[in-house]
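In case you want the letters, here they are:
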Amino acid sequence: MWPDLIQKAKDGGLDVIQTYVFWNGHEPSPGQYYFEDRYDLVKFIKVVQQAGLYVHLRIGPYVCAEWNFGGFPVWLKYVPGMVFRTDNEPFKAAMQKFTEKIVRMMKEEKLFETQGGPIILSQIENEYGPIEWEIGAPGKAYTKWVAEMAQGLSTGVPWIMCKQDDAPNSIINTCNGFYCENFKPNSDNKPKMWTENWTGWFTEFGGAVPYRPAEDIALSVARFIQNGGSFINYYMYHGGTNFDRTAGEFIATSYDYDAPLDEYGLPREPKYSHLKRLHKVIKLCEPALVSADPTVTSLGDKQEAHVFKSKSSCAAFLSNYNTSSAARVLFGGSTYDLPPWSVSILPDCKTEYYNTAKVRTSSIHMKMVPTNTPFSWGSYNEEIPSANDNGTFSQDGLVEQISITRDKTDYFWYLTDITISPDEKFLTGEDPLLTIGSAGHALHVFVNGQLAGTAYGSLEKPKLTFSQKIKLHAGVNKLALLSTAAGLPNVGVHYETWNTGVLGPVTLNGVNSGTWDMTKWKWSYKIGTKGEALSVHTLAGSSTVEWKEGSLVAKKQPLTWYKSTFDSPTGNEPLALDMNTMGKGQMWINGQNIGRHWPAYTARGKCERCSYAGTFTEKKCLSNCGEASQRWYHVPRSWLKPTNNLVIVLEEWGGEPNGISLVKRTAK
């Protein structure tokens, strides 16, 4: 998709492509580097160069990005003495080694602008200012070290740090946010730059889907330029998809972000064309913008003019900040009508070429249309492990999940026996209450092989408590807890110290002696599912198990794998799986993981009519309330063969596979 996306960005009036560098993608284990396929950084930068565009390389290597562990590899957490993003020697050594590796690769390929390449800017760290403010002196020392380390790499192009008001003189500090017109760099010698203009916001599982009106984002750009801004990057211009398990904690697989190019790479109208026209008009103003500082005059109560005038050029920006009333203003002997919350741009100080609130492109509502591709599902039921299975281990007390799985899988089993004597009164009365405290993110509780219940957290509150009466019989009862991670945290002070999994307390209330505390009992543990161990998501692995077919296919059953094959539909429209009848799990196409599905997690929030006028926040304009946070899951056509494509679904909660369909995204 890269050449197509980059060409569409260029056609939309962009001249720089900004990209992160994902450390956990490039160094999955210490010293083992990966730069193939989607992680081929050099190839990506060369594709941008071939399109005639520049690159801003955000090396970080902390990226946030709602990406798993903020872009850090999980192994980094377990380096002895490690503390993330502070004046910590193990962290600084690892960060410097990776940063040097990336800079060396760029130099070897002659990709910095001083070598004739497209990279005109590099970023070190990412939004560190707020963290530094919280941790104090060690943070300040780290900022100073980071800046000196980066400068010492002699790239020949400027380094920037975003949200870093105390960036040293050699580093340009930049702004991130919905609006940055009032931002000032910490020196008059530095350009006023906006590294992230948020085009929308991310979707979380269980959250409504945010969108940002085209009129408002256009206004934010015009206001930044009229106040002396020199560089704007849209975050995101194309958001794309969190394939595989790359999404951060509770972050949806879709990273659409209401971007001008949608998740599938198609122009989102009217946003794409409205911004394209804006970019064209700003380019017309360029001779005046680079030769003079603006003169600001009042045109009314909430109206003003910003005029850039030199001997040979003149450009004017006429603003109306009133959120409810239009204004007729007098400027240069002529009258101009300004809608509420808008800026008009006059590249010659006379003619209005553009107004941010006057959208001339029609809205195009993209539809997800069935391709009528037939699926014929087989099912395989995941086995609940027992304490003496291969690969299990036992110890007294509960263990933290990621310390054992190292995030190689979302799944981790906690197993123990509950032995009930025949004289327990609850056997002829009220069932006992099982209560389980978990650090997150979702939990499936099985008693004697049957699903007793499920509990799950949210992005706001990842921790969860399962509390439910359970059926037990006299003798030995098997308790199996499947703890599920839904991505790792990507932001927060020392988030590497946060936990996942069942850490207790675990209690059984209603026995003769009152309450049993099971927290320190002997527990057995198993990493992952049997299906994962057998690689049933691959062609070879799928042939090692027996799939039930026809009327025997499992439906509405927890922990079930589903398999089908299908032929690629004709045409070139982007494709997706409609998973609306399923619960929660993961999906693979031809062995490639297309992400986590969780359509059973319905979106909460207030989805009300939303006006473009007035200050935008991520909670202002929401959609999908009461529906699935994410129903459709992107299937890249480049991952498909003409015939016999293998689709595998792992369903945790239980769903109806016959409701799954392959759809195409189209305006028709």
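Residues numbered from 1 in each chain as written. Predicted model: local features only at pLDDT ≥ 70, side-chain atom pairs only at ≥ 80, totals over all residues. Heavy atoms only, no water.

A look at the nonpolar core
- In this structure, Ile 45, Leu 57, Phe 72, Leu 76, Ile 102, Met 106 and Ile 345 are the most contacted members of the largest nonpolar core, which totals 105 residues.
- With 29 residues, the next largest nonpolar core counts Phe 375, Met 587, Tyr 601 and Val 647 among its residues. (Core = buried A, V, L, I, M, F, W, Y, C linked by side-chain atoms within 4.5 Å. Buried < 20%, exposed > 50% of the residue type's maximum accessible area, 1.4 Å probe, protein only.)

So, the sheet that holds strand β9 (residues 295–298)
- Within the open sheet, the 5 strands sit side by side as β9-β10-β11-β14-β15. Their pairing is antiparallel. Of all the strands in the sheet, just β9 and β15 (354–355) have a single pairing partner and so form its edges.
- Across 7 bridges, strand β10 (residues 303–309) lies against strand β11 (residues 314–320) in antiparallel orientation. For Glu 304, the partnering residue across the bridge sits in β11 and is Ser 319.
- Contacting β10, β11, β14 (342–346) and β15, helix α7 (residues 214–226) crosses the sheet at an angle of about 55° to β14. (Pairing = 2+ DSSP bridges. Helix = DSSP H or I, 4+ residues; strand = E, 2+ residues; numbered from the N terminus. Contact = heavy atoms within 4.5 Å. Axes fitted to C-alpha atoms, helices over the stretch in contact; angles between N-to-C directions.)

Observations concerning the state of the cysteines
- Evaluated as defined, the whole model comprises 4 disulfides.
- A sulfur-sulfur separation of 1.9 Å characterises the disulfide bridge that pairs Cys 314 with Cys 349. Looking down the S-S bond of the Cys 314 and Cys 349 bridge, the torsion is -80°, so its handedness is left-handed. Of this pair, Cys 314 sits in strand β11 while Cys 349 sits in the loop between β14 and β15, and the two are 35 residues apart along the sequence. In this pair, the class of Cys 314 matches that of Cys 349, namely buried.
- The disulfide partner of Cys 610 is Cys 621, and the S-S distance across this bridge is 1.8 Å. With Cys 610 in the loop between β31 (592–597) and β32 (622–623) and Cys 621 in the loop between β31 and β32, this residue pair connects regions lying 11 residues apart in the sequence. (Disulfide = S-S within 2.5 Å.)

Some remarks on unusual backbone geometry
- Residue Pro 61 follows Gly 60 across a cis peptide bond; omega there is 0°.
- As for its position among the elements, Pro 61 is in the loop between β2 (54–60) and α4 (89–108).
- Cis geometry is adopted by the peptide bond preceding Pro 505, which originates at Gly 504 and carries an omega value of 0°.
- With respect to the secondary-structure elements, Pro 505 resides in strand β25 (residues 502–511).
- Phi is positive for Arg 85, which is not a glycine, with a value near 55°.
- Among the structural elements, Arg 85 can be located in the loop between β2 and α4.
- For Arg 85, a relative accessible area of 4% gives the class buried.

Thoughts on the environment of Thr 114
- Its location among the elements puts Thr 114 in the loop between α4 and β3 (119–124).
- The sequence separation of Thr 114 and Thr 155 amounts to 41 residues, and the corresponding C-alpha distance is 7.9 Å.
- In this structure Thr 114 touches Thr 155 and Gly 156, once residues within four positions along its chain are discounted.
- For Thr 114, the side chain forms a polar contact with the main-chain oxygen of Thr 155, separated by 3.3 Å. (Polar contact = N/O pair within 3.5 Å; in protein donor to acceptor, adjacent residues only side chain to side chain.)

Structural notes on the domain arrangement of the chain
- Taken domain by domain, the chain consists of domain 1 (1–170), domain 2 (276–362), domain 3 (367–380 + 536–666) and domain 4 (383–528).
- With centres defined by C-alpha atoms, the gap from domain 1 to domain 4 works out at 39 Å.
- Taken together, the contacts link 17 residues of domain 1 with 16 residues of domain 4.
- Between domain 1 and domain 4, a total of about 1,400 Å² is buried, with carbon and sulfur atoms accounting for 59% of that surface.
- In this structure, the connection of domain 1 to domain 4 is made through 0 salt bridges.
- Counting the contacts that link domain 1 with domain 4 gives 10 residue pairs in polar contact (both at pLDDT 80 or more).
- Looking at the side of domain 1 that touches domain 4 residue by residue, the class counts come to 11 nonpolar, 3 polar and 3 charged. (Domains from an automatic or database assignment. Buried area = accessible area lost by both parts, 1.4 Å probe. Salt bridge = Lys/Arg side-chain N within 4 Å of Asp/Glu carboxyl O. Nonpolar A, V, L, I, M, F, W, Y, C, P; charged D, E, K, R; others polar.)

What about α4?
- The end-to-end C-alpha distance of α4, which contains 20 residues, comes to 28 Å, matching closely the 28 Å that a straight helix rising 1.5 Å per residue would cover.
- Of all the positions in α4, only Phe 91, Lys 92, Ala 94, Met 95, Phe 98, Thr 99, Lys 101, Ile 102, Val 103, Met 105 and Met 106 are classed as buried.
- Buried-residue contacts for α4 involve α2 (23–26), α3 (41–50), β2, β3, α6 (137–151) and β4 (159–162).
- Taken from the residues just after α4, Lys 110 is the one with a positive phi, measuring 55°. (Expected span 1.5 Å × (residues − 1).)

A look at the packing of aromatic side chains
- All told, the structure shown has 52 aromatic pairs when counted by the stated rule.
- Measuring from ring centre to ring centre gives 5.5 Å for Phe 205 and Trp 598, while their planes differ by 50°; the resulting arrangement is tilted. One end of the pair, Phe 205, is in the loop between β6 (193–198) and β7 (209–210); the other, Trp 598, is in the loop between β31 and β32, with 393 residues separating them in the sequence.
- What makes Phe 205 buried here is its relative accessible area of 2%. (Phe/Tyr/Trp six-rings, centres within 6.5 Å; stacked < 30°, edge-to-face > 60°.)

A closer look at helix α8 (residues 271–289)
- The largest bend along α8 reaches roughly 30° and is located at Lys 283, with the proline Pro 287 sitting one to four residues downstream.
- Burial in α8 covers these residues: Lys 271, Tyr 272, Ser 273, His 274, Leu 275, Leu 278, His 279, Val 281, Ile 282, Cys 285, Ala 288 and Leu 289. (Bend = angle between axes of the 7 residues up to and from the residue.)

Structural notes on empty space enclosed by the protein
- Taken as a whole and assessed by the stated rule, the structure comprises 3 cavities of 30 Å³ or more.
- Counted as a void, the largest cavity has a volume near 80 Å³.
- Around the largest cavity, the lining residues are Phe 69, Val 74, Lys 77, Glu 400, Ile 402, Leu 488, Pro 489, Tyr 495, Glu 496, Trp 498, Asn 499 and Thr 500.
- Tallied by class, residues from the lining of the largest cavity come to 7 nonpolar, 2 polar and 3 charged.
- Of the residues that make up the lining of the largest cavity, three or more belong to each of domain 1 (1–170) and domain 4 (383–528). (1 Å grid on protein atoms, 1.4 Å probe; cavity = no way out; pocket = protein on both sides within 12 Å on 5 of 7 lines; lining within 4 Å. Points joined across faces, edges and corners; volume = space filled by probe spheres on them.)

Thoughts on the environment of Pro 657
- Assignment of secondary structure puts Pro 657 in the loop between β34 (645–651) and β35 (661–666).
- Considering only alpha carbons, one finds Pro 657 and Lys 555, 102 residues apart in sequence, at a separation of 7.0 Å.
- Contact partners of Pro 657, with chain neighbours within four places excluded, come to Trp 377, Val 553, Ala 554, Lys 555, Tyr 562 and Met 582.

Observations concerning the sheet that holds strand β23 (residues 464–469)
- Strand order in the open sheet formed by 4 strands is β23-β20-β25-β26, and the pairing between neighbours is antiparallel. The open sheet has two edge strands, β23 and β26 (514–517), and neither has a second partner. Along the sheet, successive strands turn relative to each other by an average axial angle of 15°, direction set aside.
- Strand direction decides the pairing type here: strand β20 (residues 433–438) and β23, joined by 6 bridges, are antiparallel. Residue Ile 436 lies in a different strand from β23, and its bridge partner there is Phe 466.

Thoughts on the pairing of strand β22 (residues 450–456)
- Sheet topology note: the strand β21 (residues 442–447)/β22 ladder contains 6 bridges and is antiparallel. Residue pairing across strands places Val 445 opposite Gly 453, the latter belonging to β22.
- Where β21 hands over to β22, the hairpin turn is made up of 2 residues, of which Asn 448 adopts a positive phi near 50°.

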